[in-house]
Amino acid sequence: ALIHFTKKYEIAKKHDSRQMIIQGLGNIALIHNIRGQYDKSLEIYKEVMATAEDIYDLNAQSQTYGNKGIIYKNIGKHTKAIKNYQKQIDIAHTMGDEFQQANAYDGMGVIYRQDGDYKKSEEFLNKAIRMSTAIDDKYGIASSHCNLSTTSFEGGNIKKAKDMLSVGLGLFNEMNN
């Protein structure tokens, strides 16, 4: 896949197709992220962001902040993750993109849970659930319910954990996921 995306990027660069450059680089960064090459992925996302800013592509900027937030969350740099998720939310709000906002709130909820702040985790996961529900994003609703289940369990509320897990798994079953 990396070879394919690299070729796609090279063709886009040759034709100065900035939108395709963003897509190609974004895919390359994703491959490096999956491989655990986080520094390389973050380095590539800098180029994605610069190109997205040059052409004022708010969607690409918002997605890139979200992707960087995921990486920083995965490597334990929670302050940087929160900052990137907040930037994603701010841009997505400007565009009216509730899907990206909900994803960022979910990511922030997971971080607060990992940091032991169960109240704040629940607050952000509930925001994600409300936004996902408003746009009928069943996967987002299910995922956030499962994350809220973990938060509730770790926070000592076993009944709520069971209830949230039941909702989340029920939705995943409906989607055959």
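First things first, this report covers the structure right here in the doc.

A look at the overall build of the protein chain
For the protein chain, the count of helices and strands is 9 helices and 0 strands. What you see for the protein chain is a C-alpha radius of gyration of 17 Å, in line with the 16 Å of a compact globule of 177 residues. Along the first, second and third principal axes, the C-alpha atoms of the protein chain reach 60 × 30 × 30 Å. The 177 residues of the protein chain split such that 47% are buried. Considering only contacts within the protein chain whose residues lie at least 6 apart along the sequence, 45% involve residues at least 24 apart.

Some remarks on the nonpolar core
Counting residues in hydrophobic clusters, the biggest one holds 31 residues, and the most contacted among them are Leu-25, Ile-28, Ile-44, Val-48, Tyr-105 and Met-108. When contributions to this core are tallied by element, the ones reaching two or more residues are helix H1 (2-14), helix H2 (18-34), helix H3 (38-54), helix H4 (58-74), helix H5 (78-95), helix H6 (98-114) and helix H7 (118-134). Apart from residues no more than four positions distant in its own chain, Tyr-105 is found in contact with Ile-89, Phe-124, Leu-125, Lys-127, Ala-128 and Met-131. Among the nonpolar cores identified, the runner-up in size contains 5 residues, and Ile-141, Cys-146, Leu-171 and Phe-172 belong to it.

Brief notes about the packing of aromatic side chains
Taken as a whole and assessed by the stated rule, the structure comprises 3 aromatic pairs. Summarising the aromatic geometry, the rings of Tyr-105 and Phe-124 are spaced 5.9 Å apart at their centres and angled 45 degrees between planes, so their arrangement reads as tilted. Placement of the pair is Tyr-105 in helix H6 and Phe-124 in helix H7, with a sequence separation of 19 residues. For the residue pair Tyr-105 and Phe-124, the accessibility class agrees, reading buried in each case.

Brief notes about the environment of Asn-103
Take Asn-103: it is sitting in helix H6. A residue is classified by how much of its surface remains accessible, and Asn-103, at 35% relative accessible area, is partly exposed. As for Asn-103 and Met-49, which are separated by 54 residues in sequence, their C-alpha atoms are 19 Å apart.

So, the pattern of salt bridges
Close approach of charged atoms lets side chains of opposite charge pair. In the structure shown here, the tally under the stated rule is 8 salt bridges. Of the charged contacts in the structure, one is a salt bridge between Lys-138 and Asp-136, with a shortest N-O distance of 4.0 Å. Using a relative accessible area of 34% as the deciding quantity, one classes Lys-138 as partly exposed.

A look at a positive patch on the surface
Side chains of Lys-46, Lys-77, Lys-80, Lys-83 and Lys-87 sit close together on the surface and give a patch of like positive charge. If you tally residues by element for the positive patch, the top one is H5, at 3 residues. Here Lys-77 is to be found in the loop between H4 and H5.

Quick word on the packing of helix H8 (residues 138-154) against helix H9 (residues 158-174)
Orientation of H8 relative to H9, taken along the N-to-C sense of each, is 160 degrees, at an axis distance of 7 Å. With respect to their mutual orientation, H8 and H9 come out roughly antiparallel. In this structure, H8 crosses over H9, and the sense of that crossing is left-handed. From H8, Lys-138, Tyr-139, Ile-141, Ala-142, Ser-143, His-145, Cys-146, Leu-148, Ser-149, Ser-152 and Phe-153 reach across to H9, where they touch Ile-158, Lys-160, Ala-161, Met-164, Leu-165, Val-167, Gly-168, Leu-169, Leu-171, Phe-172 and Glu-174. The residue makeup of the contact of H8 with H9, split by class, is 14 nonpolar, 5 polar and 3 charged.

Remarks on the side chain of Ser-149
Turning to its location among the elements, Ser-149 is positioned in helix H8. The buried category is assigned to Ser-149, whose relative accessible area is 6%. With residues up to four places along the chain from it excluded, the contact list for Ser-149 reads Ala-161, Met-164 and Leu-165.

Brief notes about the packing of H6 against H7
Viewed as axis vectors pointing N to C, H6 and H7 meet at an angle of 160 degrees, and their least axial separation amounts to 7 Å. Put simply, H6 runs roughly antiparallel to H7. Note on packing geometry: the crossing formed by H6 with H7 is left-handed. Of H7, the residues touching H6 (which contributes Glu-98, Gln-101, Ala-102, Tyr-105, Asp-106, Met-108, Gly-109, Val-110, Tyr-112 and Arg-113) are Tyr-118, Lys-120, Ser-121, Phe-124, Leu-125, Lys-127, Ala-128, Met-131, Ser-132 and Ala-134.

Conventions we followed
- Residues numbered from 1 in each chain as written.
- Predicted model: local features only at pLDDT ≥ 70, side-chain atom pairs only at ≥ 80, totals over all residues.
- Heavy atoms only, no water.
- Helix = DSSP H or I, 4+ residues; strand = E, 2+ residues; numbered from the N terminus.
- Rg over C-alpha atoms; globule rule 2.2 N^0.38 Å.
- Buried < 20%, exposed > 50% of the residue type's maximum accessible area, 1.4 Å probe, protein only.
- Contact = heavy atoms within 4.5 Å.
- Core = buried A, V, L, I, M, F, W, Y, C linked by side-chain atoms within 4.5 Å.
- Phe/Tyr/Trp six-rings, centres within 6.5 Å; stacked < 30°, edge-to-face > 60°.
- Salt bridge = Lys/Arg side-chain N within 4 Å of Asp/Glu carboxyl O.
- Patch = residues over 30% accessible without salt bridge, like charges linked within 9 Å, V, L, I, M, F, W, Y side chains within 5 Å.
- Areas by Shrake-Rupley, 256 points an atom, 1.4 Å probe, with all protein chains shown as cover.
- Lys, Arg positive; Asp, Glu negative; His and termini not counted.
- Charge placed at Lys NZ, Arg CZ, Asp CG, Glu CD.
- Axes fitted to C-alpha atoms, helices over the stretch in contact; angles between N-to-C directions.
- Parallel < 35°, antiparallel > 145°, perpendicular 65-115°, else oblique.
- Left-handed = near helix turned anticlockwise from the far one by under 90°.
- Nonpolar A, V, L, I, M, F, W, Y, C, P; charged D, E, K, R; others polar.

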